[in-house]
Amino acid sequence: MGHFSCYKHITTIPELLFFSRSIARRDDYPIPLNKILFTLYRRGFLSTILVESSPDNKQYSDECRGSEDDPRNLLRYHFFNASTSGTVATSAYGGYCDVRPDGSIADAFITLDTITNGGNDSYVYIPCRSEFSLVIPMPDESTLTHTIGGFPYLEKNHKETMCAQAALLGVVQYWKYKNSGCFAEIYTARDINRMAGVSEDRKGGLNAAEIKEFFKQVGHDVIILDYSMLIFGETERLHLSTDVYSFIESSCPVVAAVKTYNGGHALTFIGHTFDKNSWSAMADPGYFGKMNAFFHENTSWIENLIIQDDNFGPYYFFPLHRLPKIINCAIIPVPSPNIKILPHEAANIAVRKTLYSNEFGEFLKVELESNPMLGSNLHWFDEFRRHLNPTCGDGLVPRTILQTGADVIVGYESHEFSYVVKALLDHHDLRGNYFWAVELSWPSIYCFGQSKSGTILVDTHTAEISFVHIPGVCIAFSGSQDERVPFVFIAKEEDAPFTHCRPGVVNARR
Amino acid sequence: MSTLRELADNNRVTDREQITRIMKAVQKGQDAALNAMKERERRSKENDLRGFHF
């Protein structure tokens, strides 16, 4: 923690421009700084700015090593939406920004309130959200602790910190928040370079092989999807967008290396919009024949991903349809080495290969003949079946998210089949195992009810299906691979659609 | 702790034909996914990840 320096209050655009120019001592226009200041201003967070001198910032101290720069020249700006001047004790905190002497940003953590409408937002979703608590020095030498939600941001310094290191540092800080045991020794870009096997002072970014080495050395699991040899149509065919969306929805930020006109760049994907009234989602299959024969891609309703771009600033909206055209590779740190199957493959196993198979239909028919379904569930089952034969934009919508066995149990807590799920996962001690939970919906309940009518669990390592739940009935598989035994359970109560699992891995720290 | 077997002896599918059907249904996808995974791993070994700095 540094020490209190002064207060500022900004209430007009001219004041804001003057303030911005006063702290960015360079000729060019500092885009990230202004993006941060203007988005904060729009939500009233520049009403009070507290300036802290010489804050504790390991990254900047490291940057100054071996140069003439003095780490004490860093200034930290804290932003508050206090309307009464001089008091910040009861106001909302908008975050902080560590500004290098040239106006670039050595570290920032800005509230998500700049892009969302608080807890009621149903348009912007940030599953890769972390919380940050900060002790702020006050004028009377007391301190104030504020906690906000957001994602860390850092701008390159054109030396040892380029976009790859900046993106990785943000993701490292995020995973430290989710799991305090990981990335214990990583604080700065130099730390990343060292672990990647390159010179700490390297003036340049990293390539995917070096990033792979970094994760290997720190002992954190990572999936690297290489699209460098593919052309646009092929990346589409590999369901890149579906996979990126599912990892984000599972609270796993994705670093994407993208091709620019003069080289490569790294972006960090942390959230998405949810355009439930999307015309394209209906019109693409309905008018233009763009239709998966088996289900309706959930990304049809995702127009934008929310990204961090070290060159431009935090929380930009990135059009999802552009990703397959510019992707080079995707880097996804994951919480377990056993995540081998990709989300689109899990959805394919669950829906196309299983639900649509003749054997599954025949199996169900025979079971239901001897053990009929509850009358009210026949209605839900029938509704579900209608979406297996899509004619336009009404196909089944799978939503695939990463869950541990413990998460699945929590998700089924208030459902009649919770005892089945619990018995299944406890019996084989699968609480700690990872599954792709393929939630099954159709457009109306997916968009406007944020609900599902069933779930299929696919083991992320073996690709085995452990549990199939469709309206009114579930099938659980017990036993080892060679002698798996199916069990069938018919619901005794109405099995109406129920709420989606919340994004992310539930048992992770929030 | 209740196991599936303890919970649901009545729910256990015993008909051989039925077991074959459902296992066939779930096996198809598993095989396809494991093949895709192997192919991905093979490709990633062949690909040179060093060519693109960012």
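Conventions used here
- Residues numbered from 1 in each chain as written.
- Chains lettered and ligands numbered in written order.
- Predicted model: local features only at pLDDT ≥ 70, side-chain atom pairs only at ≥ 80, totals over all residues.
- Helix = DSSP H or I, 4+ residues; strand = E, 2+ residues; numbered from the N terminus.
- Rg over C-alpha atoms; globule rule 2.2 N^0.38 Å.
- Buried ≥ 20, exposed ≤ 12 C-beta atoms within 10 Å, placed from the backbone.
- Contact = placed C-beta atoms within 7 Å.
- Expected span 1.5 Å × (residues − 1).
- Pairing = 2+ DSSP bridges.
- Axes fitted to C-alpha atoms, helices over the stretch in contact; angles between N-to-C directions.
- Nonpolar A, V, L, I, M, F, W, Y, C, P; charged D, E, K, R; others polar.
- Domains from an automatic or database assignment.
- Core = buried A, V, L, I, M, F, W, Y, C linked by C-beta atoms within 7 Å.
- Left-handed = near helix turned anticlockwise from the far one by under 90°.

To continue, consider the overall build of chain A. Looking only at helices and strands, chain A has 16 helices and 22 strands in total. The C-alpha atoms of chain A give a radius of gyration of 25 Å, which matches the 24 Å a tight globule of 510 residues would have. For chain A, with 510 residues in total, the buried portion stands at 51%. Contacts in chain A between residues far apart in sequence, at least 24 positions, make up 68% of those at least 6 positions apart.

Further remarks concern the overall build of chain B. Along chain B, the regular secondary structure elements total two helices and zero strands. Expressed as a percentage of the 54 residues in chain B, the buried residues total 20%.

Once that is clear, we can look at helix H4 (residues 163–178) of chain A. With 16 residues, H4 of chain A extends 23 Å between its outermost C-alpha atoms, agreeing within 8% with the 22 Å of an ideal straight helix rising 1.5 Å per residue. Of all 16 residues in H4 of chain A, 13 are buried; the element is thus mostly enclosed.

All names here are of chain A. Within the open sheet, the six strands sit side by side as S15-S16-S18-S19-S20-S21. Their pairing is antiparallel. With partners counted over all chains shown, the strands left at the sheet margins are strand S15 (397–404) and strand S21 (485–490), one partner each. Pairwise comparison of adjacent strand axes, ignoring direction, gives a mean angle of 20° for this sheet. Across four bridges, strand S19 (residues 465–470) lies against strand S20 (residues 473–478) in antiparallel orientation. The partner of Val468 across the bridge, within S20, is Ile475.

All names here are of chain A. Positive phi outside glycine occurs at Phe183, with the angle close to 50°. By the C-beta count within 10 Å, which is 24 here, Phe183 ends up buried. Phi is positive for Ser251, which is not a glycine, with a value near 70°. Take Ser251: it is sitting in the loop between helix H8 (240–249) and strand S10 (254–260). Ser251 sits in the buried class, given 24 other C-beta atoms within 10 Å.

A separate point is the interface of chain A and chain B. Listed as interface residues are 48 residues of chain A and, on the opposing side, 34 residues of chain B. In terms of residue class, the side of chain A that touches chain B is built from 26 nonpolar, twelve polar and ten charged.

How large an interface is tends to be reported as the accessible area lost when its parts come together. Residue and element names in this part refer to chain A. Taken domain by domain, chain A consists of domain 1 (3–150), domain 2 (191–333) and domain 3 (343–499). Relative to domain 3, the C-alpha centre of domain 2 lies at a distance of 28 Å. With 18 residues of domain 2 at the contact, the number on the domain 3 side is 19 residues. The set of elements that each furnish at least two residues to the side of domain 2 that touches domain 3 consists of H8 and helix H9 (279–288). It is H8 that contributes the most residues to the side of domain 2 that touches domain 3, five residues altogether. Looking at the side of domain 2 that touches domain 3 residue by residue, the classes come out as eight nonpolar, seven polar and three charged.

For the rest of this paragraph, the subject is the pairing of strand S12 (residues 304–309) of chain A. All names here are of chain A. Here S12 lies mainly inside the structure; five of its six residues are buried. Strand direction decides the pairing type here: strand S11 (residues 263–273) and S12, joined by four bridges, are antiparallel. Across the sheet, the residue bridging to Gly271 is Ile306, located in S12. Pairing analysis gives five bridges linking S12 to strand S13 (residues 313–319), with the strands arranged antiparallel. Note on S13: the bridge partner recorded for Ile306 is Phe317. In this antiparallel pair of consecutive strands, S12 and S13, the connection spans three residues.

Residue and element names in this part refer to chain A. Grouped together as the largest cluster of nonpolar side chains are 152 residues, with contacts concentrated most on Val254, Ala256, Ala350, Val438 and Val458. Counting residues per element, this core draws most heavily on H4, at ten residues. When neighbours within four sequence positions are excluded, Val458 is seen to be in contact with Ile341, Ala346, Ile349, Ala350, Phe435, Trp436, Val438, Ala463 and Ile465.

Moving on to the pairing of S11 of chain A. Regular strands place their side chains on alternate faces of the sheet. Residue and element names in this part refer to chain A. Burial analysis of S11 places nine of its eleven residues in the buried class, the great majority of the element. Pairing analysis gives seven bridges linking S10 to S11, with the strands arranged antiparallel. Bridge pairing links Val255 to Thr268 in S11. Once S10 ends, the chain turns through two residues before running back antiparallel as S11.

Okay, the environment of Asp191 of chain A next. Residue and element names in this part refer to chain A. Within the fold, Asp191 resides in helix H5 (residues 189–195). What makes Asp191 buried here is the crowd of 22 C-beta atoms within 10 Å. As for Asp191 and Leu169, which are separated by 22 residues in sequence, their C-alpha atoms are 9.6 Å apart. Setting aside residues no more than four positions away along its own chain, Asp191 makes contact with Glu185 and Ile186.

Residue and element names in this part refer to chain A. The strand order across the open sheet built from five strands is S1-S2-S3-S4-S5, with neighbouring strands paired in antiparallel fashion. At either margin of the open sheet sits one strand with a lone partner, and together these are strand S1 (3–8) and strand S5 (105–110). Averaged over neighbouring strand pairs, the angle between their axes works out to 20° when direction is ignored. With respect to the sheet, helix H2 (residues 31–42) is in contact with strand S3 (75–80), strand S4 (93–99) and S5, its orientation differing from that of S5 by roughly 25°.

Viewed as axis vectors pointing N to C, helix H11 (residues 343–355) of chain A and helix H2 (residues 16–46) of chain B meet at an angle of 145°, and their least axial separation amounts to 8 Å. The interaxial crossing formed by H11 of chain A with H2 of chain B has right-handed handedness. Contacts between H11 of chain A and H2 of chain B involve Glu345, Asn348, Ile349, Lys353 and Thr354 of chain A on the former and, on the latter, Ala25, Val26, Lys28, Gly29, Gln30, Ala32, Ala33 and Ala36 of chain B. In terms of residue class, the contact of H11 of chain A with H2 of chain B is made up of six nonpolar, four polar and three charged.

Looking now at the environment of Gly170 of chain A. Residues and elements named next belong to chain A. You can see Gly170 is positioned in helix H4. Using a count of 26 C-beta atoms within 10 Å as the deciding quantity, one classes Gly170 as buried. C-alpha of Gly170 to C-alpha of Gln59: the two residues are 111 residues apart in sequence and 12 Å apart in space. Beyond its immediate sequence surroundings of up to four residues, Gly170 is in contact with Phe151, Pro152, Tyr153, Leu154, Thr268 and Gln308.

As a further point, take the environment of Gly51 of chain B. Mapped onto the elements, Gly51 of chain B comes out in the segment after H2. Given 13 C-beta atoms within 10 Å, Gly51 of chain B falls into the partly exposed group. Expressed as a C-alpha distance, the spacing of Gly51 of chain B and Arg40 of chain B, which sit eleven residues apart in the sequence, is 19 Å. Discounting chain neighbours no more than four positions away, the residues touching Gly51 of chain B are Asn207 and Ser228 of chain A.

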